[in-house]
Amino acid sequence: MKTPDYSILDDPLILGFAFYPRQDCTPTPPDATDHMVPVDEGVSVFCRFYAIERKSPTILYFHGNGEVVCDYDDVAPIYSRIGINLFVADYRGYGRSGGQPTFSATVSDAHVVFKYFMKTLASGDYTGPVFVMGRSLGSISAIELASAYPETIKGLILESGFASFARLFRHMSFPMGIHGLDDLERAGMEMVRRIRMPALIIHGEYDSLIPHSEAVLCYENLGSENKRLVTIPKADHNDILMAGIEQYFEAIGNFIYPGH
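Being a predicted model, the structure only gives us computed values, none of them experimental.

## Quick notes on the packing of aromatic side chains
Next up, step 1: Inspection of every chain in the model, using the stated rule, returns 11 aromatic pairs.
Next up, step 2: Measuring from centroid to centroid gives 4.5 Å for Phe-114 and Tyr-149, while their planes differ by 25 degrees, and the two rings are stacked. Of this pair, Phe-114 sits in helix H3 (residues 103-123) while Tyr-149 sits in the loop between helix H4 (138-148) and strand E6 (153-159), and the two are 35 residues apart along the sequence.
Next up, step 3: Taken together, the aromatic side chains of Phe-49, Phe-87, Phe-114, Phe-117, Tyr-126 and Tyr-149 make up a single cluster linked through ring pairs.

## Some details on the pattern of salt bridges
Next up, step 1: According to the stated counting rule, one finds 10 salt bridges in the structure shown.
Next up, step 2: Asp-183 serves as the salt-bridge partner of Arg-186, at 2.3 Å between the closest nitrogen and oxygen. With Arg-186 and Asp-183 both in helix H6 (residues 181-194) and 3 residues apart, the pair spans about one turn of that helix.
Next up, step 3: Assessed through its relative accessible area of 38%, Asp-183 is described here as partly exposed.
Next up, step 4: In this structure, a network of salt bridges that share partners links the residues Asp-34, Arg-48, Asp-73 and Arg-96.

## So, the state of the cysteines
Next up, step 1: One pass over the full model with this rule turns up 0 disulfides.
Next up, step 2: Of all cysteine sulfurs in the structure, the one in Cys-70 sits closest to Cys-25, which takes part in no disulfide; the separation is 5.5 Å.
Next up, step 3: The exposure class of Cys-25 is partly exposed, given its relative accessible area of 31%.
Next up, step 4: Of the cysteine sulfurs around Cys-47, a residue in no disulfide, the closest is that of Cys-25, at 11 Å.

About the cut-offs
Residues numbered from 1 in each chain as written. Predicted model: local features only at pLDDT ≥ 70, side-chain atom pairs only at ≥ 80, totals over all residues. Heavy atoms only, no water. Phe/Tyr/Trp six-rings, centres within 6.5 Å; stacked < 30°, edge-to-face > 60°. Helix = DSSP H or I, 4+ residues; strand = E, 2+ residues; numbered from the N terminus. Salt bridge = Lys/Arg side-chain N within 4 Å of Asp/Glu carboxyl O. Buried < 20%, exposed > 50% of the residue type's maximum accessible area, 1.4 Å probe, protein only. Disulfide = S-S within 2.5 Å.

What follows is the structure in structure tokens.
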């Protein structure tokens, strides 16, 4: 089993082109708790847990580029209304997190965050099933965890995502060649094919940043027998909730609570 070598993307020129960290953070909402997760010596990443019920399902959520945890203060109540706890993680350099973002750290930190997340659930007596979700940039963290912890994670949700960082660079018009990109793409696609858990993919019909064809590619290559692709009509990359919020959360609700 070949693990993708994300360090080939950690060149400062590439990182400056690819990441858009913001340091915004809001006060902790009344029903949420904040967490600083140590990921490296002197470096912690910020997470926020919007919890409703200990028996409810919980989603570990990795957000998109240019976003931060506090952007989900307004979205989390919708998850709450459909009976889902939401645990949102930042990346290095984002929100209250320390350090600087790199591709390799983004992926390795996801494992540390996941272990902290599971300990948090256990210590708080949260007994519902666990799901992992990634939007855009966060899709790689979600895919990484779904591939690594199939016995723990109940299902995978990808929104406006892609199958590998190599695929992302093919759409970003990066002005220089990157050695090893083909090998990285092959390893990423192999990881997607290994995933057997239930999967939901949501994508905007007219996504101009990550084309809808990437959603189709993920869907076709996932090893899951139980998988669904939901296309939000007329939606672009950053207006997907505005364009189809009812369809979006109906799909998530039906995925988390099948048969309800």
